[in-house]
Amino acid sequence: MAGNGNTDGEFSFSAAAARDALPRITTEKGAKSTTSSDVCHDDTASRVNFQTIDQLHSLQKKRSAPTTPLKEGGGVVMGTSGPTTPVSGESMLQSVSASLASLTRETGPKVIRGDPTSAAKVMAHVPQTPTSAPAADVSDSSLKFTHVLHNLSPAELYEQAIKYEKGSFVTSTGALATLSGAKTGRSPKDKRVVKDETTASELWWGKGSPNIEMDEQSFLVNRERAVDYLNSLDKVFVNDQYLNWDPENRIKVRIVSARAYHSLFMHNMCIRPTAEELENFGTPDFTIYNAGKFPCNRFTHYMTSSTSVDINLGRREMVILGTQYAGEMKKGLFGVMHYLMPKRKILSLHSGCNMGKEGDVALFFGLSGTGKTTLSTDHNRYLIGDDEHCWSETGVSNIEGGCYAKCIDLSREKEPDIWNAIKFGTVLENVVFDEHTREVDYTDKSVTENTRAAYPIEYIPNSKIPCVGPHPKNVILLACDAFGVLPPVSKLDLAQTMYHFISGYTALVAGTEEGVKEPRATFSACFGAAFIMLHPTKYAAMLAEKMKAQGATGWLVNTGWSGGSYGSGSRIKLAYTRKIIDAIHSGSLLNATYQKTEIFGLEIPNEVEGVPSEILEPMNAWEDKVAYKDTLLKLAGLFRNNFETFTSHKIGEDGKLTEEILAAGPNF
Ligand SMILES: Nc1ncnc2c1ncn2[C@@H]1O[C@H](COP(=O)(O)OP(=O)(O)O)[C@@H](O)[C@H]1O
Ligand SMILES: C=C(OP(=O)(O)O)C(=O)O
Ligand SMILES: [Ca+2]
Ligand SMILES: [Mn+2]
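Residues numbered from 1 in each chain as written. Chains lettered and ligands numbered in written order. Predicted model: local features only at pLDDT ≥ 70, side-chain atom pairs only at ≥ 80, totals over all residues. Heavy atoms only, no water.

Draft legend 1. Quick look at the overall build of the protein chain. Across its full length, the protein chain holds 17 helices and 33 strands. Burial analysis of the protein chain (668 residues in total) assigns 58% to the buried set. Within the protein chain, residue pairs in contact and separated by at least 24 positions form 75% of the contacts whose partners lie at least 6 positions apart. In the form shown here, the protein chain has an accessible surface area of approximately 26,700 Å², with 52% of it arising from carbon and sulfur atoms. (Helix = DSSP H or I, 4+ residues; strand = E, 2+ residues; numbered from the N terminus. Buried < 20%, exposed > 50% of the residue type's maximum accessible area, 1.4 Å probe, protein only. Contact = heavy atoms within 4.5 Å. Areas by Shrake-Rupley, 256 points an atom, 1.4 Å probe, with all protein chains shown as cover.)

What follows is the structure in structure tokens.
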């Protein structure tokens, strides 16, 4: 990431202080040095305001008002009794032991159910199956017991977190406040995908792709490191859960982790099995080993930092080392779904989804921070999901069982449903609260700007359970345009929808770096380049086909700036965006009169109920018309540059659509 100059409008990450004591490792063939030009651009930037663990922990709690009677650090709940463990059979223990087996042992350490601190240490361990070469591989670690805390309840996980994980607190509304450690956002540059014979030909590799390769051997090195770390602990958490509410295409996932925080996060984010389903869970289809507290070995081939998030589609496994940011797990599994679902002719979508009383479904695509969660959570509609969906022959289904809302500047008035979902059971990451009242200050960015709440979807009162719905009627593309030149809403034809879907534009204010006033454009194919596995045109072709077959209408909604770029204009009021979205849902916007904008050729309505008409044509809202035109041309140029990568690709079988899509971009 040389210089982070960004004159080309590309998004870049704030380079974490690279004070490597060791020289950079040169890896063998195929180990790519990942420069900004050949890695996909992502939307999650994390900011670090602390240099030591103690500093981080000191940020979390604010001093109470001077009258507060409690002393520093007082009032921590201690001495909770050990959790009772749900009953599940010996086969579960065997299966977990197999999951935790290292590569030199056929089974993992003896796993025991329950809390290691509980008095009754029943030796219900799994009999070791004899290994092929026992003598050679006997080590102390294989003699050790590891307690398995299998699918604990939220209350049990609270107790575990509060007892053993520094930085865990109950907030005034009952949520579990946690710290994710040094990483407060995803680390896409540290994501690796195993390139083997199959994936070499199936996946998207090279320029622009999020898939940075690693070989099987290096994966196994990291896997062993993670598994040995987990085995060295007295206890591990195991979650057995599902992905995808479509019963025909449900995937069984197992998450092995070291922290109650991670277990509760996934409990909330994945689909929760019933006791009966858990009893008959069997072998998982995919397993995550989250050893995020422990770093990877930087001397391992393909590693460029001490963080590594590794996906091995062949082994159906994912390994996490060197980051405790919980979002890695959910988005890692999303990547897996982006591989598995298209094989079944099902389109995976980085979108929110909701449904009206009449059964009209809308999708909300957009990069991080553009409004998927906020706008799909709508008191007048049924929430199907806020972030990850599938679109099959029969309709849409949510992949997840929970929502993951940004909570910076969260307000009860503007987002009451999300506000009320932050209660007992909800994981609140990296927020700051009053040390005495435990009231959260959502405006406080001391730890990070990317504060988050993860809650089960049923915490939203009008969620639709099961989270499935019929075919979408509206496909809304969200862009937070900090340049302030895209219209608040425009109607798109199919070619334009595809053009903007493949472009995946947003521009957020950098904000996190001193002195950066210019908005930064991000182009992330399919509004989720960090998660896609195949070439973007594969997903685009499927979307085009489905939208055409269902007669769905495409819309581009700017949830960003109006009346000027960041600095001179202002962010479009959430209340106005909601009115625009209401008009899309109700169908009234389809019947409006439209005019076409110059350069982008977007159809903009002359009127939307509840929205001041002056802002609908962006130029009108700008005082300085020359500046408007310059900024518009600048953005158009960025779009054109970005799209060059795709001009040589055909979309689907129909070459005609490809030409139409190319023509649907800006004209100047
Ligand atoms: N006009 C607007 N439309 C949508 N969101 C807005 C608007 N103005 C401000 N916001 C804020 O922007 C953020 C959008 O984030 P979120 O919905 O979590 O995005 P995503 O789910 O796409 O990552 C929220 O914090 C929301 O309050
Ligand atoms: C969890 C994430 O999703 P989003 O910001 O799109 O809600 C993420 O990008 O890490
Ligand atoms: Ca995202
Ligand atoms: Mn979201």
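Here the narrative resumes.
Draft legend 2. Local environment of the site of ligand 1. Residues in contact with ligand 1 amount to 16 residues; listed here are only the nearest, Gly369, Lys372, Thr373, Thr374 and Glu415. Contact distances for ligand 1 include 3.4 Å between an oxygen atom and a backbone N or O atom of Leu367. Here Arg571 contributes a side-chain N or O atom positioned 3.2 Å from an oxygen atom of ligand 1. For ligand 1, the protein covers 89% of the area, taking 580 Å² as the surface of the free molecule. Where the shell around ligand 1 is concerned, the elements lending two or more residues are α10 (372-376) and α14 (574-586). When residues of the shell around ligand 1 are assigned to their parent elements, the largest contribution, 3 residues, is made by α10. Here the shell around ligand 1 is built from residues that sort into 3 nonpolar, 8 polar and 5 charged. (Near = heavy atom within 4 Å. Polar contact = N/O pair within 3.5 Å; in protein donor to acceptor, adjacent residues only side chain to side chain. Nonpolar A, V, L, I, M, F, W, Y, C, P; charged D, E, K, R; others polar.)

Draft legend 3. Quick look at the side chain of His338. Note that His338 resides in helix α9 (residues 327-343). Within the local environment of His338, its side chain forms a polar contact with the side chain of Ser348, the two groups lying 2.5 Å apart. The contacts of His338, once residues within four sequence positions are left out, are Ser348, Leu349, Phe531, Ile532, Met533, Leu534 and Tyr539.

Draft legend 4. Structural detail: the sheet that holds strand β9 (residues 251-257). Reading across from one edge, β2-β3-β8-β9-β10-β12-β11-β6-β7 is the order of the 9 strands in this open sheet, with mixed pairing throughout. Looking at which strands have only one partner, the edges of the open sheet turn out to be β2 (110-113) and β7 (213-214). In this structure, strand β8 (residues 235-243) lies alongside β9, joined through 7 bridges in antiparallel fashion. Bridge pairing in β9 places Tyr242 opposite Lys252. Running at roughly 135 degrees to β2, helix α2 (residues 90-99) makes contact with β2, β3 (145-150), β8, β9 and β10 (286-291) of the sheet. Most of the contacts of α9 go to strand β12 (residues 317-321), to which it runs at about 155 degrees, and overall it touches β8, β9, β10, β11 (308-312) and β12. (Pairing = 2+ DSSP bridges. Axes fitted to C-alpha atoms, helices over the stretch in contact; angles between N-to-C directions.)

Draft legend 5. Region of interest: helix α4 (residues 154-164). Of the residues making up α4, those classed as buried are Glu156, Leu157, Tyr158, Gln160, Ala161 and Ile162. Contacts from the buried residues of α4 go to β3, β4 (169-170), β5 (176-178), β8 and α7 (260-269).

Draft legend 6. Structural detail: helix α12 (residues 494-503). With 9 of 10 residues buried, α12 lies mostly within the body of the structure. Every buried residue of α12 is accounted for by Ala495, Gln496, Thr497, Met498, Tyr499, His500, Phe501, Ile502 and Ser503. Of the residues trailing α12, Gly504 is marked for its positive phi of about 60 degrees.

Draft legend 7. Quick peek at the site of ligand 2. Neighbouring residues of ligand 2: 11 residues in total, closest Arg186, Lys331, Ser368, Lys372 and Arg452. A distance of 2.8 Å separates an oxygen atom of ligand 2 from a polar atom in the side chain of Arg186. A distance of 3.3 Å is found between an oxygen atom of ligand 2 and a side-chain nitrogen or oxygen belonging to His350. For ligand 2, whose unbound accessible area comes to 290 Å², protein coverage reaches 97%.

Draft legend 8. How the structure looks around the pattern of salt bridges. Using the criterion set out here, one finds 20 salt bridges in the structure. The closest approach of N and O atoms between Lys596 and Glu603, which form a salt bridge, is 3.6 Å. A relative accessible area of 25% means that Glu603 is categorised as partly exposed. Between Glu598 and Lys629 there is a salt bridge, with its nearest N and O atoms 3.9 Å apart. Residue Glu598 is found in the loop between β32 (594-596) and β33 (603-605), and its partner Lys629 is found in helix α16 (residues 625-643); the two are separated by 31 residues along the sequence. Judged by its relative accessible area of 33%, Lys629 is partly exposed. Taken together, the shared-partner salt bridges connect Lys330, Lys331, Lys372, Asp387, Glu388 and Glu400 into one network. (Salt bridge = Lys/Arg side-chain N within 4 Å of Asp/Glu carboxyl O.)

Draft legend 9. Structural context of the packing of aromatic side chains. Overall, the coordinates contain 20 aromatic pairs when judged by the stated rule. Each member of the aromatic cluster is reached from another via a ring pair, and the members are Tyr499, Tyr505, Phe523, Phe600, Phe639, Phe643 and Phe646. Seen from the ring of Tyr594, Lys491 lies directly overhead, with NZ or CZ sitting 4.7 Å from the centre. (Phe/Tyr/Trp six-rings, centres within 6.5 Å; stacked < 30°, edge-to-face > 60°. Lys NZ or Arg CZ within 6 Å of the ring centre and 35° of its normal.)

Draft legend 10. Focus on the pairing of strand β19 (residues 402-406). With 4 of 5 residues buried, β19 lies mostly within the body of the structure. By the bridge criterion, 5 bridges tie β19 to strand β23 (residues 452-456) in an arrangement that is antiparallel. Each residue of the ladder has a partner; that of Ala405, found in β23, is Ala453.

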